[in-house]
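Summary of the model geometry
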Amino acid sequence: MTKKLFILISDGGDGSYYPKYTFNEEWILEMEQKAEDDWHSMCDGHVGCDGDGFHYDVLMVPDECTLESLGIRYDVAAR
């Protein structure tokens, strides 16, 4: 079995961009809805937002994977 690893881009504010990760699909759906309802206030500097809206990629990984086992120290949805 597999599960979804969501990959989002974050603007570092200094011209740099960083990948952010989460397995939390509920949070992704919530952010999609917020972006749809009020794109300008939600996407002002928010993770996953660019000039065209809220975007992410999905990578399917084995169920036993955790963020930690993949070398990821921070869950973006845990803010």
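A few points on the structure. Just so you know, these numbers come straight off a predicted model, no measurement behind them.

Description of the overall build of the chain
A tally of regular secondary structure across the chain gives two helices and five strands. Its helices and strands in sequence order give the chain the pattern β-β-α-α-β-β-β, from N to C terminus. Expected size for 79 residues packed as a compact globule is a radius of gyration near 12 Å; at 13 Å, the chain falls within 12% of this value. When its C-alpha atoms are laid out on the principal axes, the chain stretches across 35 × 30 × 20 Å. Here the chain holds 79 residues, and the buried ones make up 30% of them. Taking as baseline every contact in the chain between residues at least 6 positions apart, the subset at least 24 positions apart corresponds to 53%.

Topic: the packing of aromatic side chains
Summed over the entire model, instances satisfying the criterion amount to two aromatic pairs. Measuring from centroid to centroid gives 5.5 Å for Phe-6 and Tyr-56, while their planes differ by 75°, and the two rings are edge-to-face. Taken together, the positions of Phe-6 in strand β1 (residues 2-11) and Tyr-56 in the loop between β4 (53-54) and β5 (57-62) put the pair 50 residues apart, joining distant regions of the chain. Residue Tyr-56 is classed as partly exposed on the basis of its relative accessible area of 26%. Their ring planes at 55° and their centres at 5.9 Å tell us that Phe-54 and Tyr-56 sit as a pair that is tilted. Each member of the aromatic cluster is reached from another via a ring pair, and the members are Phe-6, Phe-54 and Tyr-56. A cation sits over an aromatic face here: Lys-3 above Phe-23, 4.1 Å from the ring centre.

Overview of the pattern of salt bridges
Summed over the entire model, instances satisfying the criterion amount to two salt bridges. Lys-34 is the partner of Glu-30 in a salt bridge, and the nearest nitrogen-oxygen pair spans 3.6 Å. Linking Glu-30 with Lys-34, this pair stays in helix α1 (residues 25-37), spanning four residues, or about one helical turn. The exposure class of Glu-30 is partly exposed, given its relative accessible area of 38%. Under the relative-accessibility criterion, Lys-34 is labelled partly exposed at 40%.

Describing the sheet that holds β5
Strand order across the open sheet formed by three strands is β2-β1-β5, with antiparallel pairing between neighbours. A single partner strand is all that each edge strand has here, and the edge strands are β2 (17-22) and β5. Across the sheet, the axes of successive neighbouring strands diverge by a mean angle of 35°, strand direction being ignored. As paired elements, β1 and β2 share six bridges and run antiparallel to each other. Looking at β2, one finds that Phe-6 is bridged to Thr-22. α1 rests against β1 and β2 of the sheet, and its axis sits at about 45° to β1.

Cut-offs used in this document
- Sequence order as written defines residue numbering, which begins from 1 separately in each chain.
- A pLDDT threshold of at least 70 governs which residues receive local features in this predicted model, and a stricter bar of 80 or more applies before side-chain atom pairs are shown or counted, although totals over entire chains, interfaces and linings include all residues.
- Processing note: side-chain calculations cover all non-hydrogen atoms of the structure and skip hydrogens and water entirely.
- Helix and strand assignments come from DSSP, with helices taken as H or I runs of at least 4 residues and strands as E runs of at least 2, each series counted from the N terminus.
- When we talk radius of gyration, it's over C-alpha atoms, and the globule rule is simply 2.2 Å times the number of residues to the 0.38.
- Partly exposed residues are those whose accessible area sits between 20% and 50% of the maximum for their type, while under 20% is buried and over 50% is exposed, using a 1.4 Å probe and protein chains only.
- The contact criterion used is simple: two residues touch if any of their non-hydrogen atoms lie within 4.5 Å.
- Pairing of aromatic side chains here covers Phe, Tyr and the six-membered ring of Trp, requires ring centres within 6.5 Å, and sorts the geometry by plane angle: under 30 degrees stacked, over 60 edge-to-face, intermediate tilted.
- Comment: the charge-over-ring label is applied if NZ (Lys) or CZ (Arg) is within 6 Å of the ring centre and within 35 degrees of the ring normal.
- Each reported salt bridge corresponds to a side-chain nitrogen of Lys or Arg within 4 Å of a carboxyl oxygen of Asp or Glu.
- Strand pairing follows a simple DSSP-based rule, namely that at least 2 bridges must link the two strands.
- Helix axes are fitted only over the stretch in contact, all axes being lines through C-alpha atoms; the angle between N-to-C directions runs from 0 to 180 degrees.

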